[in-house]
Amino acid sequence: MKGEPYLFLPGPTPVPERVCRAMNRPMINHRGDEFKDILEDVVAGIKQIYRTRANVLIYPASGTGGLEAAVVNFISPGDQVLAVSIGVFGDRFAMIASNFGAVVEKMDFSWGTGADPQKIKERLAQDTDHQIKAVLITQNETSTGAYNDVKAVREAMGDHPALLMVDAVSGLAAIELRMDEWKLDVVISGSQKAFMIPPGLSFMAFSDRAYQVHKSNTNTSYYWNVDQGMEYQLKGQTPFTPPISLYFGLHEALQMMAEEGLDNVIARHTAYRDLVRASLRALGLKLLTEDRYASAAVTSVIAPPEIGANQIRKYMFDQFNIILAGGQQSLDNVVFRVGHLGYIRELDLLSVLAALEITLLHFKFPLELGTGLKIAQKAIFDMHQQ
Ligand code: PLP
């Protein structure tokens, strides 16, 4: 029996039953008191996840909408922008900025690694007349499973006045991020990742410094305009009809995260990453990223070339209803990606590892069943002794 699918994607991630039930309610008036209370609660909850007292807006949009909102509000046409990229989503942020008229300078690092803060420091040091108005960076590069040390990048920027704008769509609440302490200016995230709710909401936090930049911004937008968003938020509303069901879900998911405690949520993601990586390595598989760049949200596994990543994914789906992500662009059929963020539980990890061992054996990859699983079981045993 195959039953329901197991989603091991780096988004959308599984939605807890509590959240599903919370969303399964009739509509309410989005300009009434009940919605006002929910909006106040969820904005406060999101600020805790961002570890910020800055402004937070919730957009009815996927993560890309949030990136576009960041660009149109804080970057003007003609602004010089340094776009740091370690993969598909770094490229996307750069492209959005370019589409809205920024003069984009790309700084690329090879896929599977994180950015070198020293290189960013050196580039900004050359910019003595401060032509670079913003540095764009991805916290967690979902396409490769590498993450950037955003804190180190901020430190490397020193007193250069460029805004630091961070795509934390898949990293927030899985990997440590401290918006205020690290002095980040604009941070975007999305609902369908570590927040454990369906796709459709994007969150954007922005510092007062970013808001000052916004005041002289010459890009125009209607839907994304932060002034309008903040004005309505003060009244306990959103400018446009919000996806109310998603707000019900968000409210519940934030409650679950508060019950667990943010430090524990982050620690759980880190422990799962380590467990998954150790188990896969014990099977003799190679991973795309070195440990120092390894994402706590998703792991890219290099498939044995004689089997190919897509055949592994297909077998896992056909036989076990397990859904793994494929490699993007040049990584297609080279890697498969195991998402381990959001509502993934210990026993889910054992399931995916057990099914992977069976799959590899089916394709005659030399292994002894239970090799990776044993490592994972031991790690879980240890976690339960603490
Ligand atoms: N940025 C990152 C790091 C992502 O992982 C994603 C989606 O996976 C996006 C941006 C784009 O988000 P969406 O597909 O929700 O528009």
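Note that this is a predicted model, so its numbers are computed, not measured. (Residues numbered from 1 in each chain as written. Predicted model: local features only at pLDDT ≥ 70, side-chain atom pairs only at ≥ 80, totals over all residues. Heavy atoms only, no water.)

Asks: Help me understand the pattern of salt bridges in this model?
Replies: Note on pairing: side chains with opposite charge can pair once their charged atoms come close. Counted by the stated rule, this structure contains 24 salt bridges. One salt bridge in this structure joins Arg-345 and Asp-348, with 3.3 Å as the shortest N-O distance. You can call Arg-345 partly exposed: its relative accessible area is 43%. Salt bridges linked by common partners bring Arg-51, Glu-176, Arg-178, Glu-181 and Asp-263 together as one network. (Salt bridge = Lys/Arg side-chain N within 4 Å of Asp/Glu carboxyl O. Buried < 20%, exposed > 50% of the residue type's maximum accessible area, 1.4 Å probe, protein only.)

Asks: Looking at this structure, how should I read the sheet that holds strand S10 (residues 202–206)?
Replies: Within a sheet, adjacent strands bond to each other through the backbone by hydrogen bonds, running parallel or antiparallel. Reading across from one edge, S2-S10-S9-S8-S5-S3-S4 is the order of the seven strands in this open sheet, with mixed pairing throughout. With partners counted over all chains shown, the strands left at the sheet margins are strand S2 (55–59) and strand S4 (103–108), one partner each. Neighbouring strand axes in the sheet, compared pairwise and without regard to direction, differ in orientation by 20° on average. Of the pairings in the sheet, the one linking S2 to S10 comprises five bridges and is antiparallel in character. Within S10, the position partnered with Asn-55 by the bridge is Phe-206. (Pairing = 2+ DSSP bridges. Helix = DSSP H or I, 4+ residues; strand = E, 2+ residues; numbered from the N terminus. Axes fitted to C-alpha atoms, helices over the stretch in contact; angles between N-to-C directions.)

Asks: Can you help me understand the packing of helix H10 (residues 262–282) against helix H12 (residues 346–362) in this one?
Replies: Each pair of packed helices gets described by two things: the angle between the helix axes and the distance between those axes. Running from N to C, H10 and H12 cross one another at 15°; their axes reach a closest spacing of 11 Å. Overall, the two elements H10 and H12 adopt an arrangement that is roughly parallel. Where H10 crosses over H12, the two elements pack in a sense that is right-handed. Of the residues in H12, those touching H10 at Tyr-272, Leu-275, Val-276, Ser-279 and Leu-280 are Glu-346, Leu-349, Leu-353 and Leu-356. Its residues assigned to classes, the contact of H10 with H12 shows seven nonpolar, one polar and one charged. (Parallel < 35°, antiparallel > 145°, perpendicular 65-115°, else oblique. Left-handed = near helix turned anticlockwise from the far one by under 90°. Contact = heavy atoms within 4.5 Å. Nonpolar A, V, L, I, M, F, W, Y, C, P; charged D, E, K, R; others polar.)

Asks: What am I meant to see in the side chain of Asp-348 here?
Replies: Within the fold, Asp-348 resides in helix H12. Within the structure, the side chain of Asp-348 is placed 2.7 Å from the backbone nitrogen of Arg-345, a separation counted as a polar contact. (Polar contact = N/O pair within 3.5 Å; in protein donor to acceptor, adjacent residues only side chain to side chain.)

Asks: Which parts of the structure should I look at to understand the domain arrangement of the protein chain?
Replies: Looking at the assigned domains, one finds that the protein chain contains domain 1 (6–11 + 262–385) and domain 2 (17–259). Using C-alpha coordinates to define each centre, domain 1 is positioned 28 Å away from domain 2. If you look at the interface, domain 1 gives 26 residues, while domain 2 gives 28 residues. For the pair domain 1 and domain 2, the summed buried surface comes to about 2,200 Å²; carbon and sulfur atoms form 61% of the total. For the pair domain 1 and domain 2, the number of links is one salt bridge. Notably, a salt bridge pairs Arg-51 with Asp-263, separated by 3.0 Å at the nearest N-O pair. (Domains from an automatic or database assignment. Buried area = accessible area lost by both parts, 1.4 Å probe.)

Asks: Help me out: how do you make sense of helix H3 (residues 63–74) in this one?
Replies: An α-helical turn contains 3.6 residues, so a residue and the one three or four places further along point in the same direction. Helix length check: H3, at twelve residues, gives a terminal C-alpha distance of 17 Å against a target of 16 Å (1.5 Å per residue), a fit within 8%. Looking only at H3, the buried set comprises Gly-63, Gly-65, Gly-66, Leu-67, Ala-69, Ala-70, Val-71, Val-72, Asn-73 and Phe-74. (Expected span 1.5 Å × (residues − 1).)

Asks: Whenever I open this one, the sheet that holds strand S12 (residues 298–302) confuses me. Can you help?
Replies: Taking strand neighbours across the sheet as the criterion, the five strands line up as S1-S13-S14-S12-S11 in an open arrangement whose pairing is mixed. Each end of this open sheet is capped by a strand with a single partner; those strands are strand S1 (6–8) and strand S11 (286–287). In the sheet, S12 pairs with strand S14 (residues 335–339) via five bridges, with the strands oriented antiparallel. Residue pairing across strands places Val-301 opposite Phe-336, the latter belonging to S14. Along the sheet, helix H11 (residues 309–320) contacts S1, strand S13 (322–326) and S14; its crossing angle with S13, the most-contacted strand, is approximately 160°. Sheet strands in contact with H12 are S1, S13 and S14, and its direction is about 75° off that of S13.

Asks: How do you make sense of the site of the ligand when you look at a structure like this?
Replies: Taken together, 13 residues are adjacent to the ligand, and Ser-62, Thr-64, Thr-142, Asp-167 and Lys-193 come closest. One of the side-chain N or O atoms of Gln-192 is found 2.8 Å from an oxygen atom in the ligand. Coverage of the ligand by the protein chains reaches 87% of its 390 Å² of free accessible surface. Contributing elements (two or more residues each) for the shell around the ligand: H3 and helix H4 (88–99). For the shell around the ligand, the per-class residue count stands at two nonpolar, eight polar and three charged. (Near = heavy atom within 4 Å. Areas by Shrake-Rupley, 256 points an atom, 1.4 Å probe, with all protein chains shown as cover.)

Asks: What's the story with the environment of Ala-69 in this structure? I'm lost.
Replies: With respect to the helices and strands, Ala-69 occurs in helix H3. Given the relative accessible area of 0%, Ala-69 is considered buried. Note: C-alpha distance between Ala-69 and Leu-350 (281 residues apart in sequence) is 39 Å. Ignoring any residue separated from it by four or fewer positions in sequence, one finds Ala-69 in contact with Tyr-59, Met-204 and Trp-224.

Asks: Is there a simple way to think about the nonpolar core in this case?
Replies: As a rule of thumb, nonpolar side chains are buried together in soluble globular proteins. Among the nonpolar cores identified, the biggest contains 64 residues, and Ile-58, Ile-120, Leu-164, Val-166, Leu-177, Leu-184 and Leu-250 are the most heavily contacted of them. Considering every element that reaches this core, the biggest residue donor is helix H9 (residues 244–260), with nine residues. Looking at this core, you find at least three residues from each of domain 1 (6–11 + 262–385) and domain 2 (17–259). With near-sequence residues (within four places) excluded, Ile-58 lies in contact with Leu-39, Val-42, Val-43, Ile-46, Leu-201, Ser-202, Phe-203, Tyr-247 and Leu-250. (Core = buried A, V, L, I, M, F, W, Y, C linked by side-chain atoms within 4.5 Å.)

Asks: Please explain the packing of aromatic side chains as it appears in this structure.
Replies: How two aromatic rings sit relative to each other is set out by the distance from centre to centre and by the angle between their planes. Using the criterion set out here, one finds ten aromatic pairs in the structure. An angle of 75° between the planes, with centres 5.2 Å apart, marks the rings of Tyr-59 and Trp-224 as edge-to-face. Note that Tyr-59 is positioned in strand S2 and Trp-224 in the loop between helix H7 (208–215) and helix H8 (226–234), a separation of 165 residues in sequence. The structure contains a cluster of three or more aromatic residues connected by ring pairs, namely Tyr-59, Tyr-222, Tyr-223, Trp-224 and Phe-240. Taking NZ or CZ as reference, Lys-2 lies 5.7 Å from the ring centre of Phe-317, over its face. Lying across the ring of Phe-248, Arg-25 places its NZ or CZ 4.2 Å from the centre. (Phe/Tyr/Trp six-rings, centres within 6.5 Å; stacked < 30°, edge-to-face > 60°. Lys NZ or Arg CZ within 6 Å of the ring centre and 35° of its normal.)

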